[in-house]
Amino acid sequence: MADRGIIEEDRKLSRSLGLWHYVAINIGAIIGSGWLLAPLGASAFNGPLSVASWAVAAALVAFMAIAYAYLASAAPRTGAVVRYPQMAHGDLVGFSTGALYLLSISSLLPAEAVATVYYASYYVPGLVKSATVLGQQLTVLTPKGLLLALAIVIVIFVINYFGVSLVGNVSLALMVWKIAVPLTVIAALLALAFNPHNFALAVSTQASGEGLSRAAAIFAAIPVTGIAYALLGFRQAVEYSGEGRKASSDVPKAVILSVALTAIIFILLQVAFIGGLRWSSIEVNETVRLSNGTVVRRLEPVTPGNWSALAVSNIAAAPLASELAIVGLGVLSIVMIIDAWVSPLGNAVVQMGNLGRIVYGMAANGHLPRRLSGLNRYAVPGLGLIVALALGLIFLLPFPSWYAIGSYAVLTTLLTYVTGGTALGAFTARSRSVKLLTAGALGAVGASLIAYWAGMIPMIPVFITFISALAAFMIIRAFSSRTSMLAVALPYAAAVAFSDYILAVKVFYPLSSGISVPEQAVVRYLALAMLLSVLSTAAALAAGYLIDRDLRPSIRGGAWYVGLVTSIMLVDILGPYGLSSVYGGDPPIPFPFDLVAVAAVTLVAYFVSVLTAPKES
């Protein structure tokens, strides 16, 4: 496996990174904007139960990290997360995961810029406002805030363009700061401002508003409040693994060490944030009718235990800085304002470089023009970085909210992380190592469960992305090697486009914007779109298998992935995170049977993926 998938450009990459560079790159990605905003997002969604959400997320992410640690030790590659699926399962899985991951990382970069602008609004007015996004009231950027975020993205591009050693050294320099500041904030809040009574308050949360049980709410908080967004940064060392001096030993150590350390920090931070809340100083802008009948908008105190109100309160844009100022720790509040530039920008430096390496990896797989794998004079994929810059700028426009960008980024990332587990299983199947096969299975199940917990509404744009990637794969295949496939690819693309339209315009837009739509209409649209997607995809893959002999190994080795993603979407619709969370009532697949269904489907897909992997894997 060590020499599989190597291209000439791999041998030209600068190999200047060591263990602590990798640890720093991972910590730089994990302790980014997530630690600044996720504690409030998790508290608003789930109140004190958010601490349990962090613990569950840390355990599942550890399973995924272990799978990638094994892979990186056996075959370090630049752009590894998109190259392992290609090596293990062929073109269909390689292209679809590459497309998902490319768009995922494209959205992470602007997310870090948005987080920086959020905290900048603490002292510069007019950068943010409240709006309805994904069916919830959230803080979004104004046009002025959007311009500042665009400028930040461009600066990050310049840093990355001038070499991997600069990225590694910048990350190394920031590592001490990124660990010291959260630990100092945690210690200060626990020692000087901790109120244990806050953990006994459970009046109103976003989860209770969706009718979720306590257990279901613990899981649902993980993908949509920034928890998974923060912890999934462990992959960065894997992406840079082709550029290390002793990557086979250094990357696995860096992955495990960084996940363990940051998980402890995040759990303690959530405890400290909840304990440090001073409800009497937290306010929301509400419409009030005066005694004379006049309707005015004014700041009103938040009722203690009204956790959902935190999302649109006066502390929403800069939660930790605001909390520190309220409890009298003004000096630390200033440090937080500084860190609001340091942490997200340090993460953004890594994410921009990561995005350039994803483009490099897809070009190495043959799914993008080979020219994009070319290196500039600083031995980094310069053209890939330019593509990364363009995608990052585009993503800012439709998603000017950190939580909205974060949800999309997390879900698309998780669907690619499933293939980390399956790739490990495929590569080690012949050795019959129970330890490695189990590690692969746990990694795949962990990724599937967190993706499922996001719920139906956030999952819709991700499913649209996935089936659109499948259609793009068929069209590219037809034009590049077998024109007879056009008779299959073009009708399939038309069916996917119609299905995408129904899901986006008739279902996702009204539900995510808070527009009232009759349940019967949504059910009809969902049924039509899913039926069309499933039948047209099955027909296209079957026809492609019959027409294109060279495509058969990819379809045989990748059909399980199509089935898995579709199954997760269907359970999302029918489970407690689907239609019942919007309209009420009992879901057709109640908790916890929904979890059993997703885990079972993933395990079946895992073993099918291992059995159908191309022989050369």
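Residues numbered from 1 in each chain as written. Predicted model: local features only at pLDDT ≥ 70, side-chain atom pairs only at ≥ 80, totals over all residues. Heavy atoms only, no water.

Chemist: Looking at this model, I keep getting lost on the pattern of salt bridges. Mind explaining?
Modeler: A side chain with one charge can pair with a side chain of the opposite charge if their charged atoms come near. Enumeration over the complete set of coordinates arrives at 1 salt bridge. Across the salt bridge formed by Arg477 and Asp548, the nearest N and O atoms sit 2.8 Å from each other. Here the residue Arg477 occupies a position in helix α18 (residues 456-480), and Asp548 occupies one in the loop between α20 (519-547) and α21 (552-574), the gap between them amounting to 71 residues. As far as the burial class goes, Arg477 and Asp548 line up, both buried. (Salt bridge = Lys/Arg side-chain N within 4 Å of Asp/Glu carboxyl O. Helix = DSSP H or I, 4+ residues; strand = E, 2+ residues; numbered from the N terminus. Buried < 20%, exposed > 50% of the residue type's maximum accessible area, 1.4 Å probe, protein only.)

Chemist: Where do I start with a nonpolar patch on the surface in this structure?
Modeler: A grouping of Phe498, Tyr501, Val505 and Leu528 is seen on the molecular surface, where their side chains present a nonpolar patch of about 370 Å² in accessible area. No other element matches helix α19 (residues 486-513), which puts 3 residues into the nonpolar patch. Topologically, Tyr501 is positioned in helix α19. When its relative accessible area of 42% is taken as the criterion, Tyr501 is described as partly exposed. (Patch = residues over 30% accessible without salt bridge, like charges linked within 9 Å, V, L, I, M, F, W, Y side chains within 5 Å. Areas by Shrake-Rupley, 256 points an atom, 1.4 Å probe, with all protein chains shown as cover.)

Chemist: Teacher, can you tell me more about the nonpolar core here?
Modeler: Most often, soluble globular proteins have nonpolar side chains that are buried together. Ranked by internal contacts, the top residues of the largest apolar core, which has 195 residues, are Trp35, Tyr119, Phe234, Met336 and Trp453. Sort the elements by how many residues they give to this core and helix α5 (residues 91-120) lands first, with 17 residues. Dropping the residues within four chain positions of it, Phe234 is found in contact with Asn26, Ile30, Val61, Met64, Ala65, Tyr68, Val255, Val259 and Tyr417. (Core = buried A, V, L, I, M, F, W, Y, C linked by side-chain atoms within 4.5 Å. Contact = heavy atoms within 4.5 Å.)

Chemist: I tried to follow helix α9 (residues 214-224) on my own but got confused; where do I start?
Modeler: For the α-helix, the turn length of 3.6 residues means that residues three or four positions removed from each other point alike. Taking burial as the measure, the 11 residues of α9 include 9 buried ones, the bulk of the element. At the exit of α9 stands Gly226, carrying a positive phi of roughly 105 degrees.

Chemist: What should I look at first to understand the confidence of the model for the protein in this one?
Modeler: One rule of thumb: low pLDDT means the predicted coordinates there are not for detailed reading. Scored by pLDDT, the protein has a mean of 82; 81% of the residues are at 70 or more. Confidence drops under a pLDDT of 50 for residues 1-13, and excluding neighbours within four residues, the segment shows 42 contacts in the predicted structure. (pLDDT = per-residue confidence, 0-100.)

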